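# Examining the three-dimensional arrangement
Take a look at the letters that make up each chain.
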Amino acid sequence: MAPMSIADLVAALPAEDTWGPATSGDNMLGGVPYAPFSKGDKLGRMADWTAESKDRAGQGRQQYNRNFRDQQVYGAGSSSLFTIQGAEDESSFSVVDNTRTSTKRTFGRGGGTVFRGRGGQRGGQLQRGGGRRGGFQRAGGGRGQDRGYDQRGNRGRGGRRFGWKDYDKPQRTREPSVNIRPDWQMIEEVDFSRLSKLSMDVSEGEDLETYGFLHYYDRSYDKVPVKGSERRLQSLDRAAYNVTTSQDPVIHEFAEKNEATIFATADILSMLMCATRSVYSWDLIIVHQGGKIYLDKRAGASIDLVTVNENAYDAPLEVSETSGKQEQINTPSALAMEATFINHNFALQTVTESDDAKVTFSHPNPFYNEAEETEPLASKGYKYRRFDLGLERDGEEPLQMIVRTEVDAVMKNPTGGADQQLVVKALNEFDSKAPGSGNALDWRSKLASQRGAVLATEMKNNSSKLARWTTQAILAKADAMKLGFVSRANPRSAAGHVVLGVAGYKPKEFAAQMNLNLSNGWGIVRTVVDRIRALDADEPEDAVKKYVLIKDPNRNVLRLYNVPPTAFEEDDEAEIEEKNEDEDESDE
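Quick summary incoming for the structure in this document. (Residues numbered from 1 in each chain as written. Predicted model: local features only at pLDDT ≥ 70, side-chain atom pairs only at ≥ 80, totals over all residues. Heavy atoms only, no water.)

### Topic: the overall build of the protein chain
How we decide: Secondary structure elements are taken from DSSP: a helix is a run of H or I of four residues or more, a strand is a run of E of two residues or more, and numbering for both begins at the N terminus. For accessible areas, the Shrake-Rupley method is used with a probe of radius 1.4 Å. Any residue's cover is judged against the shown protein chains and nothing else.
In terms of regular secondary structure, the protein chain is built from 12 helices and 18 strands. On the protein chain, roughly 34100 Å² of surface is accessible, and the fraction owed to carbon and sulfur atoms is 47%.

### Here we look at the nonpolar core
Basically, it comes down to this: For the purposes of this section, nonpolar cores are sets of buried Ala, Val, Leu, Ile, Met, Phe, Trp, Tyr and Cys residues that join through side-chain atoms within 4.5 Å. Burial classes: relative accessible area under 20% of the type maximum marks a residue as buried, over 50% as exposed, and values in between as partly exposed (1.4 Å probe, protein chains only). Contacts were defined at the residue level, with two residues in contact if any of their heavy atoms lie within 4.5 Å.
Membership of the largest hydrophobic core comes to 77 residues, with the highest contact counts inside it found for Leu-269, Leu-295, Leu-389, Met-401 and Trp-522. Per-element accounting of this core gives the leading share, seven residues, to helix 11 (residues 518-535). If we skip the residues at most four places from it in the chain, Leu-269 touches Ala-264, Leu-295, Met-401, Val-403, Leu-475, Trp-522 and Val-525. In this structure, Trp-184, Val-243, Phe-367 and Val-548 belong to the second largest nonpolar core, which totals 27 residues.

### Notes on the packing of aromatic side chains
The test is simple: Only the six-membered ring of Trp is used, alongside the rings of Phe and Tyr, when aromatic pairs are assigned; centres must lie within 6.5 Å, and planes under 30 degrees apart are stacked while those over 60 apart are edge-to-face, with the rest tilted. Only lysine NZ and arginine CZ atoms are considered, and such an atom sits over a ring when it is within 6 Å of the ring centre and within 35 degrees of the ring normal.
Under the definition given, this model contains 10 aromatic pairs. An angle of 80° between the planes, with centres 5.5 Å apart, marks the rings of Tyr-211 and Tyr-384 as edge-to-face. Here Tyr-211, found in strand 4 (residues 206-217), pairs with Tyr-384, found in strand 11 (residues 380-388); they are 173 residues apart in sequence, far enough to count as distant. With relative accessibility at 0%, the residue Tyr-384 sits in the buried group. An aromatic cluster is present here, built from Trp-184, Tyr-561 and Phe-568 joined pairwise through their rings. Between the NZ or CZ atom of Lys-358 and the centre of the ring of Phe-213, over which it lies, the distance is 4.3 Å.

### So, helix 6 (residues 332-349)
The condition that has to hold: Expected helix span is given by 1.5 Å per residue-to-residue step, counting one fewer step than there are residues.
Taking 1.5 Å of rise per residue, the 18 residues of helix 6 would be expected to cover 26 Å, and the 25 Å separating its terminal C-alpha atoms lies within 8% of that figure. Next to the buried residues of helix 6 lie strand 5 (231-232), strand 9 (351-352), strand 14 (420-429), helix 9 (463-475), strand 15 (480-490) and strand 16 (493-505).

### Thoughts on the packing of helix 5 (residues 266-273) against helix 11
To keep things clear, this is the line we draw: Here an axis means a line fitted to C-alpha atoms, over the contact stretch when the element is a helix, while the angle between two N-to-C directions is reported on a 0 to 180 degree scale. In what follows, roughly perpendicular refers to angles from 65 to 115 degrees, roughly parallel to angles under 35, roughly antiparallel to angles over 145, and oblique to any angle outside these ranges.
Running from N to C, helix 5 and helix 11 cross one another at 100°; their axes reach a closest spacing of 8 Å. By the angle class used here, helix 5 and helix 11 are roughly perpendicular. Counting all contacts with helix 5, which are made through Leu-269, Leu-272 and Met-273, the residues of helix 11 involved are Leu-518, Gly-521, Trp-522, Ile-524, Val-525 and Val-528.

Structure (structure tokens):
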């Protein structure tokens, strides 16, 4: 037989055996065109009652998954061809569900939806011999802490607790504590997450000199007052001083004798050591002169005022955000002035003034002038203490720091030992129902029975303030802290106050309760000092360099500025002239 060509073979084949996919008539389902599909495709069910709810919840098979975004899914677009189509009369059919559904939204414990996330990181200790020069550098490393307090004092796993209608709260834009001038040069910016990783161990320090005197604390305030018989807070005229570092004559004497390299007061140092807990804006002045570093402050600086509910999520509103005159007494500035007034008078009222029964220190009060002052002196003791900030490094010069610390009263030791030195402070309640109260409990009804809950709320809402007070007590090596609970006599008026109770705590134990780590504070101080010394390494010894450290009002950031040596001196002179004019007018 002669060989056949390919064309002849194709012509000899039957028509029904042609190549290619089967025709639609041969398909099992009839009328359904061929479509590729994968193993993940489902052919559907006879009656799938959950298909609609899954699609609404976004939990269907075609839910987007970024892990497989580059993989092709065959048949995903045509899978609906294999589902069973419903009959026409099913459009009017509905299923009656007899289960009761609640329309009330469910929240987590505490009345707020809890969002959890990864917490911040806790670094290791400041490496001895490690390089911190050249800026705010991280010291140490390590994996993060899962639990702890965030920058507002809220305890959790890194996240914070949101409340009801958080989306409807006003956006807060706070003003800086000092106006940044055009001739200021920003040197460095560092965020709180880097500062929180610093750590340095410093000894308890030693006493150099003591000044002033202390009255004995009135222990009757420790008793829980009977309802309706609370003591009124009195306004007492006593001479009290809050002199800054550069104007302290005792610190000048220590500087001339080269007793230390760094000088500060406890209120300024505590602000820097507890910087990561602050929310409001503040500023410090750093003067480098003659090889000495002075941590200073401006006249009328914001750190002199006692804040209220600074760390509360629902913090007090600014003046521009208030809706009425009544709420203006609950603004941050008005509350700070009220709290400062309360703390000043509470420390004076809780002591028994007696010339025969008081503890006199080695030297008299260095700021009191009997020839000019008409008011009697307040009970106050100043302890100048020296701390060693040096590192165990070969060839490094010793780095000493002198701090002026303060104690407010003295108390008999119940065990018969030496008298105990006290730091007396006061927490204040303005209105538990007003905006900015931070969900605080009503002190009049809850303080006696739930003091722990009241204090826990204050630790959350006033984390920065309580941390500063505790740090000051530890720096002064005080034996105990007395915290008073003072409330308004009328919540709608800031004129009168009553003392609802007093609680005593040991400073170190109180610091452990609120997760306060002084090693982190010392690490921040040493890092700032090293940065200043590195900047002025090439300057002559008699040069005067001035810097300003500012907390950003709306971000968790510290900024270091280089300012002219004459900065703020004009403001101080203007303030002195204005004060003299007011005194002249009052005399007339």
